[in-house]
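Coordinate analysis (summary)
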Amino acid sequence: MIDRTGIIKTELVHMTKGYSRVLKDTIAVCRDAVSYLIHVVCDNHASILPLSSNEQIPAMDRLVHHTKDNPYPAYADFDLLFYKMPSYVRRACIRTAIGHVQSHETRCDDYYKDRDAEIGRGHHYTKMEPSFCFTPNVCPTLYRKEVFRLDGSRVSIKAYIHNTWDWIELAIPKRDMKSLGKASSHGTLLNPHLVHRYGKFYLHFPVKYDHTGFPDVLLDERKILSVDLGITNGAVCSLMDSSGTVLAREFSPFRADTDRIEHIIGKIRRAQAASGTG
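In what follows, the accompanying structure is described. Quick caveat: nothing in here was measured; it's all calculated off a predicted structure.

Each value, and the rule that gives it
- Residues numbered from 1 in each chain as written.
- Predicted model: local features only at pLDDT ≥ 70, side-chain atom pairs only at ≥ 80, totals over all residues.
- Heavy atoms only, no water.
- Helix = DSSP H or I, 4+ residues; strand = E, 2+ residues; numbered from the N terminus.
- Pairing = 2+ DSSP bridges.
- Axes fitted to C-alpha atoms, helices over the stretch in contact; angles between N-to-C directions.
- Buried < 20%, exposed > 50% of the residue type's maximum accessible area, 1.4 Å probe, protein only.
- Patch = residues over 30% accessible without salt bridge, like charges linked within 9 Å, V, L, I, M, F, W, Y side chains within 5 Å.
- Areas by Shrake-Rupley, 256 points an atom, 1.4 Å probe, with all protein chains shown as cover.
- Salt bridge = Lys/Arg side-chain N within 4 Å of Asp/Glu carboxyl O.
- Contact = heavy atoms within 4.5 Å.
- 1 Å grid on protein atoms, 1.4 Å probe; cavity = no way out; pocket = protein on both sides within 12 Å on 5 of 7 lines; lining within 4 Å.
- Points joined across faces, edges and corners; volume = space filled by probe spheres on them.
- Nonpolar A, V, L, I, M, F, W, Y, C, P; charged D, E, K, R; others polar.
- Expected span 1.5 Å × (residues − 1).
- Arc of directions from axis to C-beta.
- Core = buried A, V, L, I, M, F, W, Y, C linked by side-chain atoms within 4.5 Å.

1. Re the environment of V40
Following the sequence through the fold, V40 ends up in helix α1 (residues 19-43). Taking the C-alpha atoms as reference, V40 lies 8.2 Å from Y75; in sequence the two are 35 residues apart.

2. Focus on the sheet that holds strand β10 (residues 246-252)
On the basis of which strands lie adjacent, the open sheet formed by three strands has the order β8-β9-β10 and antiparallel pairing. Looking along the sheet, the strands with just one partner apiece sit at the ends: β8 (223-229) and β10. The average undirected angle you get between the axes of adjacent strands in this sheet is 15°. The sheet contact formed by strand β9 (residues 235-241) and β10 spans six bridges and is antiparallel. Counted as the bridge partner of L239 is A248 from β10.

3. A look at the pairing of β8
Burial analysis of β8 places just zero of its seven residues in the buried class, which makes it a mostly uncovered element. In this structure, β8 lies alongside β9, joined through seven bridges in antiparallel fashion. The residue of β9 that forms the bridge with L229 is A235.

4. Section: a nonpolar patch on the surface
A contiguous nonpolar patch, built from L225, V227, L229 and F254 and spanning about 420 Å² of accessible area, is present on the exposed surface. With respect to the helices and strands, V227 occurs in strand β8.

5. A short note on the sheet that holds strand β3 (residues 154-161)
Spatial ordering of the open sheet is given by β2-β3-β4, a layout of three strands whose pairing is antiparallel. A strand with exactly one partner marks an edge of an open sheet, and here the two such strands are β2 (148-151) and β4 (164-171). Between one strand and the next, the sheet's axes are offset by a mean angle of 25°, whatever the strand orientation. Pairing of β3 with β4, which is carried by eight bridges, proceeds in the antiparallel orientation. Counterpart to S156 in the pairing with β4 is E169. Packed on one face of the sheet, α1 meets β3 and β4 and runs near 130° to β4.

6. Remarks on empty space enclosed by the protein
A complete count under the given rule lists two cavities of 30 Å³ or more for this structure. Its volume calculated, the largest cavity comes out at about 60 Å³. Every residue along the wall of the largest cavity is listed here: C30, V34, V89, A92, C93, T96, V138, C139, P140 and T141. Among the elements of the structure, α1 and α5 (87-120) are those that each provide at least two residues to the lining of the largest cavity. Top element by residues in the lining of the largest cavity is α5. It accounts for four residues. Considered class by class, the residues forming the lining of the largest cavity number eight nonpolar, two polar and no charged. The wall of the second largest cavity is formed by T26, C30, V89, P140, T141, L142, V147, K158 and W165.

7. Remarks on helix α6 (residues 174-186)
The terminal C-alpha atoms of α6 lie 19 Å apart, and with 13 residues this matches the ideal 18 Å at 1.5 Å per residue to within 8%. Regarding α6, the residues found buried are D176, L180 and A183. Buried residues of α6, viewed axially, fall in a sector of 70°; they line one side. Away from its buried face by more than 90 degrees, α6 exposes K174, R175, K178, K182 and S185.

8. What about the nonpolar core?
In a soluble, globular protein the nonpolar side chains are often hidden away together inside. L12, M60, I157, I168 and L203 are the most contacted members of the largest nonpolar core, which totals 52 residues. Contributing elements (two or more residues each) for this core: α1, α3 (53-64), α5, β3, β4, α6 and β7 (200-212). If we ignore the near neighbours within four places in the chain, the residues touching L12 are L23, I157, L170, A171, I172, L194, F201, Y202 and L203.

Right, dumping it as structure tokens:
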């Protein structure tokens, strides 16, 4: 059985005047919180990272968040710097900070293994050690019901506005609603990410599709579909049997994707020409 995931991108439109700044501030506050929490994870590396994923979030929460049962957190200034941050936003930032540190450690482990193997074979190793960034450009996760609500084409997001956190209402174009409806009919829409790109705001919905199983067929009767992805000429798909005989071949030029790439390259070229850098 195989888990399949995908991303459905939706644009946020029909904003009330000023909401663009509100969303920018929301993303900026979440990034500042993640940066702060990355330092906390690094300071408490030995006590946080060995825990299970379900234990890491509460442990970090006790370090930074003041409650009745936890009146003196070690990093008490977090609640002052990020005043009234919703608990689900704070925990999403904690999860992102932990994942960022763990990802760096994985890259370092792979680097040292690769380096030692190359040096052991007598080769000169030239790759640079992975660098660590304390200020990653992350996109906040919006948990349903608590931070994000979807009602038809209307979207409600709990955002950072007027130095506090409150609900704002936005909209999704009909074309994107059709994509969401089609994806949700074949899989499950997960919590979206708020993304700011090219002056526009988007919601990126991860989609978890239903399990896909393969029929139990004898080896001699199995068919193999191979895909050779090209860089400039699309892809070639070949259907073969177990003996290697090609049963069918199809060439896909990906015209829609090629047109989209050419359109983006054209925009970049025009912008460079206008700025004098092209």
